[in-house]
Amino acid sequence: MGYRLTKEACDGVLQKLSLNHTLFAPKRFTGGGPFSGTDLIRYGKIASADEIVLDAKSAHSFKEALLPITETLFYFTEEQMKEPDPPAQGVLVFLRSCDLHAVRRLDEIYLRNGAEDYYYKRIREKTRFALIGCPTAFDTCFCVDMVANRSDNYDFSIEQDENANYLIDCRAADWAALFEAAASQTLAVEPSFVAATPTRVGIPALLDAGVAAAAMWDQYDGRCIKCGRCNFSCPTCTCYTMQDLFYTDNGKAGERRRVWASCMVDGFTDVAGGGCYRPKNGQRMRFKTLHKVFDYKQRFGYQMCVGCGRCDDVCPEYISFARIVNRLEEALREVKSDAAE
């Protein structure tokens, strides 16, 4: 069912939803951008509809709502261990179609890739989703080519009409009455979905692991600075590392945390004895790329990358992941040509 709400009415609905859910949406942080006098759009807690940035892409994804950047798994002493209390509230995340597709990737890794992840599951079970309508693509988006531009598994959608009223398509039966009571009009609402993107990618139909031997990866030994920003902004990167924090007043008590990690940074593939599986930056770029557009699909049947383009947006060296993907066809021909000689 669809509804039109004024700004005041929408704020009233959000206030009621916030009684049981933390509202997490892309918002503007004034002066928080990478350059002097620039703003940063990233996810944060919101209390009103006008805090939700609907007309610009966030520099970072929603995933910290489900995967905290630093998460305490348990506290320990010499004699006992205690898990932290579960979240008291659920989370309502406002996100675009590409990010909603990314939730499926996170669920695949943490819930269906062997044993369920207990900590992820207890947050995920309390998480609901509001789809942000996306009428036009941003410059670096390629969600259409990654088949992530349309979604229907949301609780409600939200976007603004030409008069700055909010259009809602509610699919959650338990919230329908809430929106209906606040609506100024009931009408059919279809969320806006991107139909075409300025950036296009093409993954070779016959891509195989042999492309790992291509010379193209060597150029990233110098271009990439292994900062990991691409991983941390990506909605589908799921890697973490473990840290034991010992309290200074008692060296035998502390807590174990898991913290976001990146396959692009130093130390990720270090092993005992001083070894490192991928010491070169180009090797790391190869691993990341083929994980996103090759081996994940080999295992699960669909691509890991959702085409949000954030990795292109945040890279300080202007390395385009879309461009890398588009070079795979040429790289594959090069490898096969070398093998034939």
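Rules behind the numbers
Residues numbered from 1 in each chain as written. Predicted model: local features only at pLDDT ≥ 70, side-chain atom pairs only at ≥ 80, totals over all residues. Heavy atoms only, no water. Phe/Tyr/Trp six-rings, centres within 6.5 Å; stacked < 30°, edge-to-face > 60°. Helix = DSSP H or I, 4+ residues; strand = E, 2+ residues; numbered from the N terminus. Buried < 20%, exposed > 50% of the residue type's maximum accessible area, 1.4 Å probe, protein only. Domains from an automatic or database assignment. Buried area = accessible area lost by both parts, 1.4 Å probe. Salt bridge = Lys/Arg side-chain N within 4 Å of Asp/Glu carboxyl O. Nonpolar A, V, L, I, M, F, W, Y, C, P; charged D, E, K, R; others polar. Pairing = 2+ DSSP bridges. Axes fitted to C-alpha atoms, helices over the stretch in contact; angles between N-to-C directions. Contact = heavy atoms within 4.5 Å.

Details of the packing of aromatic side chains
Then, in step 1: Tallying each qualifying case throughout the model produces 12 aromatic pairs.
Then, in step 2: Here Phe24 and Tyr43 contribute two aromatic rings whose centre-to-centre distance is 5.5 Å and whose plane-to-plane angle is 35 degrees, an arrangement assigned as tilted. Linking Phe24 in strand S2 (residues 21-29) with Tyr43 in strand S3 (residues 40-45), this pair joins segments that are 19 residues apart in sequence. Take Phe24 and Tyr43: they sit in the same class, and that class is buried.
Then, in step 3: Relative to Tyr120, the ring of Tyr110 has its centre 4.9 Å away and its plane inclined at 20 degrees; by these criteria the two rings are stacked. Note that Tyr110 is positioned in helix H2 (residues 97-111) and Tyr120 in helix H3 (residues 118-124), a separation of 10 residues in sequence.
Then, in step 4: Its relative accessible area of 5% is what places Tyr110 among the buried residues.
Then, in step 5: For Tyr120, a relative accessible area of 0% corresponds to the buried category.
Then, in step 6: Feature note: the residues Tyr3, Phe94, Phe156, Trp175 and Phe179 constitute an aromatic cluster, connected by ring pairs.

A few points about the domain arrangement of the protein
Then, in step 1: Splitting the protein by domain gives domain 1 (2-69 + 85-186) and domain 2 (209-239 + 260-340).
Then, in step 2: Between the C-alpha centres of domain 1 and domain 2 the distance comes to 28 Å.
Then, in step 3: Overall, the association of domain 1 and domain 2 removes approximately 2,400 Å² of surface from exposure, summing both partners, and the carbon and sulfur fraction of that is 59%.
Then, in step 4: The interface formed by domain 1 and domain 2 contains two salt bridges.
Then, in step 5: The partner of Asp313 in a salt bridge is Lys57, with the nearest N and O atoms 2.8 Å apart.
Then, in step 6: Split into classes, the residues belonging to the side of domain 1 that touches domain 2 amount to 15 nonpolar, six polar and seven charged.

Section: the sheet that holds strand S10 (residues 185-187)
Then, in step 1: Read from one edge of the open sheet, eight strands run S3-S2-S6-S7-S8-S9-S1-S10, paired in mixed fashion. The strands lining the two open edges of the sheet, one partner per strand, are S3 and S10. In this sheet, adjacent strand axes meet at a mean angle of 25 degrees when their direction is disregarded.
Then, in step 2: When strand S7 (residues 127-132) meets strand S8 (residues 156-160), the two strands line up parallel, connected through three bridges. Bridging from a neighbouring strand, Ile132 pairs with Ile158 of S8.
Then, in step 3: The strands that helix H1 (residues 7-17) touches are strand S1 (2-5), S2, strand S6 (90-95), S8 and strand S9 (166-170); relative to S1, the one it contacts most, it runs at about 115 degrees.

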